[in-house]
Amino acid sequence: MSNKKKIVIIGAGPAGLSLAYYLLCNKKNNISVTVIEKEDAVGGLATGFEHKGLIFDFGSHRLHPTTKEHLLNDIRGILGDDLLDRPRDGRMFLLERFVKFPPQLTDFMFHLPLSFFLGIVGDMLSKPFRRKMKNPRTFSDVLLYGLGKTICTHFYFPYAKKLWGLAPDELSAIQAQRRVSANNIGKIIMKVLSVIPIFRKKGAGRFFYPRKGFCQIFDGFAEKIKAMGGRILLSHELKSIDPGEKVIVAKQDITIPYDLAFSTIPIPDFIGACKGKKPDAVLQACKNVKYRGMLFCYLILNTQQFTRFDAHYFPQENVLFSRLSEPKNYSASTLPEGITGLCAEIPCEVGGTLWKEKPDKIASLVIHSLRQVGLPVDGLVAESFLKRTAFAYPSYDLDFEQRIETIETYLDTLIDIVFLGRQALFVHDNTHHTIEMGYCAADCLSHQGEWDKEKWNSYRKEFKEHVVED
Ligand SMILES: Cc1cc2nc3c(=O)[nH]c(=O)nc-3n(C[C@H](O)[C@H](O)[C@H](O)COP(=O)(O)OP(=O)(O)OC[C@H]3O[C@@H](n4cnc5c(N)ncnc54)[C@H](O)[C@@H]3O)c2cc1C
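Residues numbered from 1 in each chain as written. Predicted model: local features only at pLDDT ≥ 70, side-chain atom pairs only at ≥ 80, totals over all residues. Heavy atoms only, no water.

A. Spatial organisation of the sheet that holds strand β6 (residues 90–94). Strand order in this open sheet of seven strands is β7-β6-β15-β16-β17-β14-β18, and the pairing throughout is mixed. The two strands at the open ends of the sheet, each matched to only one other strand, are β7 (97–101) and β18 (381–394). Each adjacent strand pair in this sheet contributes to an overall mean axis angle of 20°, direction not counted. Bridge count for strand β15 (residues 311–313) against strand β16 (residues 323–325) is three bridges, and the pairing is antiparallel. Counted as the bridge partner of Y313 is R323 from β16. Across the sheet, helix α6 (residues 149–164) is in contact with β6, β7, β14 (291–301), β15, β17 (340–348) and β18; its angle to β14 comes to roughly 95°. Its contacts with the sheet place helix α14 (residues 359–372) against β14, β16, β17 and β18, and it is angled at close to 75° to β14. (Pairing = 2+ DSSP bridges. Helix = DSSP H or I, 4+ residues; strand = E, 2+ residues; numbered from the N terminus. Axes fitted to C-alpha atoms, helices over the stretch in contact; angles between N-to-C directions. Contact = heavy atoms within 4.5 Å.)

Structure, rendered in structure tokens:
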């Protein structure tokens, strides 16, 4: 009988896979690693698929240039020349016209109505006279103070409502602090000025993208994990976890004992599967934790390229989708010839009207919205299909912090179970943040297999500083 420490990781998304990979790279003689995943493929939200030779992601996915160098080096090591360094080429629909995204100085000055430009200038000049709240409570408190009315009214407020389903004064201030990277005029100015080389941060205006789709990173991690002796059990949804007996039961009725378990799955799903009595306050908090769902409507078009842009952003409430991407443009692929694909991201309430709508109806609504914004696909659509996720974004309403604290206090009592990643920590973090979480978690396990909780808690504090990139 092997006396290796048995590590079980729940979820084969970026957090779970990077944890398994880094553990095996560094401690492979002392541990055994099993990853269980409910889907039949790895990658979580960052997964992808092929259809008619076209490669698709779940919405627009790019690896941001702010990815830490050591993570990037590992990803480069796995993908080699397949990790492309690409220029961003996106547009947003603002005031009935398209402008560059992220915005450029010339757009503000020449391509948008003069009243908008003057409004922004007025908001800049009046900033010193705006009252700064000591403890801003809402999304609108933070952004109205930081940015002023003009950009909030035309972009951030409608976009927030669309993405998270709540009005700006129903959303927590933390949503603005963590999720809006340019949340004050100074940061906006730096973004706008980044067209000028001396103001440009390293990597600004660029992104990394794997030649065969975003999930190539995670397929690569998975291959390495298996080559180092790790197990990845696909289609093995967590059914139950018994923290007393230290046993996990996965969907195929397979029983997996563990010494240390890591969960990267949504909090309600974990708590639902966890054996033992839970305090009523925890169950109540768990019931009220909200994740925003998303529909992905894919259109296959009979044309080589639809537009030259990688993504289009739509803050308007009357346009069905928040973003439209053309995956071929992410990797600059010309293949397959004669067709291209689009992916429309439609944030929605899980179980709501849109969520239940038939795929054909959703496709016709997407086509209608495309016509509305001047991007008609009439006569080009060869096929459409729909995919969905119930866990696209955590929704930070005004009480979310209290709820999460109640839940985390309970989870903290579960010995030898650690929580990481976007779903388990209820954060908006990017892929590179969640990969980093996996590496940090691996760093907290000693070569003798002891878990260093103090070190993990200090990493958790660092994670709170993550600011999400678009
Ligand atoms: C529309 C959209 C666009 C995005 N674009 C970008 C981008 O451009 N750049 C970027 O850096 N980030 C982007 N992100 C964020 C990125 O997708 C996430 O940060 C990343 O996928 C989080 O990884 P994770 O492992 O923490 O969670 P997840 O990816 O959610 O992985 C969790 C895994 O757990 C599995 N699981 C769930 N329940 C169970 C269960 N009961 N049993 C077993 N397994 C289970 C899931 O199937 C999944 O594989 C985007 C996200 C969305 C929604």
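B. Molecular detail of helix α18 (residues 453–463). For α18, the set of buried residues is W456, Y459, R460 and F463. Down the axis of α18, the smallest arc covering the buried residues is 105°, so these residues share one side. Those residues of α18 that are exposed and aimed more than 90 degrees away from the buried face are E454 and K461. On its buried face, α18 is in contact with α15 (400–411), β19 (417–419) and α17 (431–443). Between the side-chain oxygen at the start of α18 and the backbone nitrogen of E454 there is a gap of 3.3 Å, and the oxygen is on D452. (Buried < 20%, exposed > 50% of the residue type's maximum accessible area, 1.4 Å probe, protein only. Arc of directions from axis to C-beta. Polar contact = N/O pair within 3.5 Å; in protein donor to acceptor, adjacent residues only side chain to side chain.)

C. Local environment of the pattern of salt bridges. A full pass over the atoms with the stated rule returns 21 salt bridges. Between D89 and R308 there is a salt bridge, and its shortest N-O distance comes to 2.8 Å. Separated by 219 residues along the polypeptide, D89 in the loop between β5 (83–87) and β6 and R308 in the loop between β14 and β15 bring together distant segments of the chain. Where K251 meets E237, a salt bridge forms, and the shortest distance between an N and an O atom there is 3.9 Å. Of this pair, K251 sits in the loop between β11 (247–250) and β12 (254–257) while E237 sits in the loop between β9 (231–233) and β10 (238–242); the two residues are 14 residues apart in sequence, bridging distant segments of the chain. On the basis of relative accessible area, E237 is assigned to the partly exposed category, the value being 33%. A single network of salt bridges, built from pairs that share partners, joins D82, R211 and K212. (Salt bridge = Lys/Arg side-chain N within 4 Å of Asp/Glu carboxyl O.)

D. Examining the packing of helix α11 (residues 280–288) against α15 more closely. It is at 9 Å that the axes of α11 and α15 come closest, and there the two elements cross at 130°. As far as their axial angle goes, α15 and α11 are oblique. Considering the relative orientation of α11 and α15, their crossing is left-handed. Along its contact with α11, which presents A281, V282, A285, C286 and N288, the element α15 presents R403, T406, I407 and Y410. Taken together, the residues of the contact of α11 with α15 break down into six nonpolar, two polar and one charged. (Parallel < 35°, antiparallel > 145°, perpendicular 65-115°, else oblique. Left-handed = near helix turned anticlockwise from the far one by under 90°. Nonpolar A, V, L, I, M, F, W, Y, C, P; charged D, E, K, R; others polar.)

E. View of unusual backbone geometry. Residue P336 follows L335 across a cis peptide bond; omega there is -5°. Position of P336 among the secondary structure elements: in the loop between α12 (327–331) and β17. Phi at E96 takes a positive value of approximately 65°, unusual for a residue other than glycine. The class for E96 is exposed, based on a relative accessible area of 66%. In this structure, K246 takes a positive phi of about 55° despite not being glycine. Position of K246 among the secondary structure elements: in the loop between β10 and β11. Overall, the relative accessible area of 22% leaves K246 in the partly exposed class.

F. Geometry of the domain arrangement of the protein chain. According to the domain assignment, the protein chain contains domain 1 (5–48 + 65–85 + 211–274 + 414–463), domain 2 (103–199) and domain 3 (291–394). For domain 2 versus domain 3, the distance between C-alpha centres works out to 27 Å. Summing both partners gives a buried area of about 950 Å² for domain 2 against domain 3, and 56% of it is carried by carbon and sulfur. The largest per-residue losses of area from domain 2 upon contact with domain 3 belong to Y159, K162 and L163, which jointly make up 60% of the total buried on that side. In this assembly, domain 2 and domain 3 are joined by one salt bridge. Where E317 meets K161, a salt bridge forms, and the shortest distance between an N and an O atom there is 3.7 Å. Where domain 2 meets domain 3, there are six residue pairs in polar contact (both at pLDDT 80 or more). It is α6 that contributes the most residues to the side of domain 2 that touches domain 3, eight residues altogether. Across the side of domain 2 that touches domain 3, the residue classes tally to five nonpolar, three polar and two charged. (Domains from an automatic or database assignment. Buried area = accessible area lost by both parts, 1.4 Å probe.)

G. Representation of the pairing of β6. In terms of burial, β6 is a largely internal element, five of the five residues being buried. With burial as the criterion, each face of β6 is covered, one bearing G90, M92 and L94 and the other bearing R91 and F93. One ladder, built from five bridges, connects β6 with β7; its direction is antiparallel. Residue pairing in the sheet places R91 in a bridge with K100 of β7. Between β6 and β7, which pair antiparallel and follow one another directly, the connecting turn spans two residues, one of which, L95, has a positive phi of 50°. The pairing of β6 with β15 spans three bridges and is parallel.

H. Just the side chain of S60, in detail. The residue S60 is located in the loop between β4 (54–57) and α2 (69–79) in this model. You can call S60 buried: its relative accessible area is 9%. At a separation of 2.7 Å, a polar atom in the side chain of S60 contacts the side chain of Y330. Residues contacting S60, with those up to four places away along its chain left out, are R323, S325, Y330 and E345.

I. View of the site of the ligand. In the neighbourhood of the ligand, 35 residues make up the surrounding shell, with E37, H61, R62, R422 and D429 lying closest. One of the backbone N or O atoms of L238 is found 2.9 Å from a nitrogen atom in the ligand. Residue T431 places a main-chain N or O atom 2.8 Å away from an oxygen atom belonging to the ligand. Against a free-state accessible area of 990 Å², the protein chains account for coverage of 95% of the ligand. Those elements that place two or more of their residues in the shell around the ligand are α1 (14–27), α16 (421–424) and α17. Top element by residues in the shell around the ligand is α16. It accounts for three residues. The class makeup of the residues in the shell around the ligand is 13 nonpolar, 13 polar and nine charged. (Near = heavy atom within 4 Å. Areas by Shrake-Rupley, 256 points an atom, 1.4 Å probe, with all protein chains shown as cover.)

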